Amino acid sequence: MPKFEVREFITFAIVGVVNTATYYGFYLLGLKGMGLAYMIAHFSAVLLSMIISFFLNSYVTYKVKPTLKKFLMYPLTQLVNIAVTAVLLYVLVDGLRVNSSIAPLAAMIVTVPVTFFVTGKVLKAA
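This structure is a prediction, so every number in the text was calculated from the model and none was measured.

> Which parts of the structure should I look at to understand the layout of surface pockets?
The method is simple in principle: a probe with the dimensions of a water molecule rolls over the atoms, and the space it marks as empty is what remains. By volume, the largest pocket amounts to about 520 Å³. What lines the largest pocket is a set of 25 residues, and nearest its centre among them are N19, T20, N81, M108 and T115. Going through the elements one at a time, α1 (6-33), α2 (38-61), α4 (79-95) and α5 (103-124) are the ones with two or more residues in the lining of the largest pocket. A per-element tally of the lining of the largest pocket places α1 first, with 8 residues. Partitioned by chemical class, the residues of the lining of the largest pocket number 13 nonpolar, 12 polar and no charged.

> What am I meant to see in the packing of α2 against helix α3 (residues 68-77) here?
Axes are the key here: two packed helices are described by the angle between their axes and the distance separating the axes. Two elements in contact, α2 and α3, have axes separated by 10 Å at closest approach and are oriented at 125°. Classified by the angle between their axes, α2 and α3 sit oblique to one another. α2 and α3 meet at a crossing whose hand is right-handed. Contact residues: M50, I51, S53, F54, F55 and N57 in α2; K70, F71, Y74 and P75 in α3. Of the residues in the contact of α2 with α3, the class split is 7 nonpolar, 2 polar and 1 charged.

> Which parts of the structure should I look at to understand the packing of α4 against α5?
Put simply, α4 and α5 touch, their axes get as near as 9 Å, and they point 150° apart. By the criterion of interaxial angle, the relationship of α4 to α5 is roughly antiparallel. In this structure, α4 crosses over α5, and the sense of that crossing is right-handed. Across from N81, V84, T85, L88, L89, L92 and V93 in α4, the residues of α5 making contact are A103, P104, A106, A107, M108, V110, T111 and T115. Tallied by class, the residues present in the contact of α4 with α5 amount to 11 nonpolar, 4 polar and no charged.

> Is there a simple way to explain unusual backbone geometry in this structure?
Leave glycine aside and you will find that most residues have negative phi; peptide bonds, for their part, are mostly trans. In the Ramachandran plot, K63 falls in the positive-phi region, its phi being about 50° despite a non-glycine side chain. With respect to the helices and strands, the residue K63 is situated in the loop between α2 and α3. With relative accessibility at 57%, the residue K63 sits in the exposed group. Located in the positive-phi region is R97, a residue other than glycine, with phi close to 60°. Along the chain, R97 falls in the loop between α4 and α5.

> Any chance you could explain the nonpolar core here in plain terms?
In summary, soluble globular proteins display a tendency toward joint burial of nonpolar side chains. Core analysis: the largest hydrophobic core is formed by 23 residues, its most contacted members being Y23, Y27, Y38, Y62 and L123. Counting only elements with at least two residues in this core, the list comes to α1, α2, α4 and α5. Sorting elements by how many residues they give to this core places α2 first, with 6 residues. For L123, the residues in contact, after removing those within four places along its chain, are F54, N57, S58, Y62, V64, K70 and Y74.

> How do you make sense of the environment of K63 when you look at a structure like this?
With 61 residues separating them in the primary sequence, K63 and K124 have C-alpha atoms 8.9 Å apart. Apart from residues no more than four positions distant in its own chain, K63 is found in contact with R7, N57 and S58.

> Can you help me understand the pattern of salt bridges in this one?
A side chain of one charge can pair with a side chain of the opposite charge if their charged atoms are brought near each other. Tallied over the full model, the rule gives 2 salt bridges. Residues R7 and E8 are paired through a salt bridge, measuring 4.0 Å at the closest nitrogen-oxygen approach. For E8, a relative accessible area of 7% gives the class buried. Measuring nitrogen to oxygen at the nearest pair gives 2.8 Å for the salt bridge that ties K124 to E8. Of the two residues, K124 sits in helix α5 while E8 sits in helix α1, which places them 116 residues apart along the sequence. Residue K124 is classed as partly exposed on the basis of its relative accessible area, which comes to 42%. Among the charged side chains, a network of salt bridges with common partners joins R7, E8 and K124.

What counts, and at which threshold
- Residues numbered from 1 in each chain as written.
- Predicted model: local features only at pLDDT ≥ 70, side-chain atom pairs only at ≥ 80, totals over all residues.
- Heavy atoms only, no water.
- 1 Å grid on protein atoms, 1.4 Å probe; cavity = no way out; pocket = protein on both sides within 12 Å on 5 of 7 lines; lining within 4 Å.
- Points joined across faces, edges and corners; volume = space filled by probe spheres on them.
- Helix = DSSP H or I, 4+ residues; strand = E, 2+ residues; numbered from the N terminus.
- Nonpolar A, V, L, I, M, F, W, Y, C, P; charged D, E, K, R; others polar.
- Axes fitted to C-alpha atoms, helices over the stretch in contact; angles between N-to-C directions.
- Parallel < 35°, antiparallel > 145°, perpendicular 65-115°, else oblique.
- Left-handed = near helix turned anticlockwise from the far one by under 90°.
- Contact = heavy atoms within 4.5 Å.
- Buried < 20%, exposed > 50% of the residue type's maximum accessible area, 1.4 Å probe, protein only.
- Core = buried A, V, L, I, M, F, W, Y, C linked by side-chain atoms within 4.5 Å.
- Salt bridge = Lys/Arg side-chain N within 4 Å of Asp/Glu carboxyl O.

Have a look at this one:
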């Protein structure tokens, strides 16, 4: 069981708020500004915000030096997060008819604790 660090979790949460705002801004830009389908806007926003998240979590949350190896591993560890978020987004929008502009925010709430532990494992790896 990984050691739980309160400072890291709080910092992760703050970085997460910044990353969520970044994701949401990119999502709305794609959805409303560019007229993309919501899933295309979602995956585009995920990709862009993941790059920003990698550097913020490396430098700010876990205080580790980002490396090419970690950068390449980071998206792989996020696949579960991406998949769960996408499924929840689909269920919320197409199943429950939640507005596609707010559905990603609800979906992301479910994935935060899991992402914290997985991200820490990857970024702290040698």
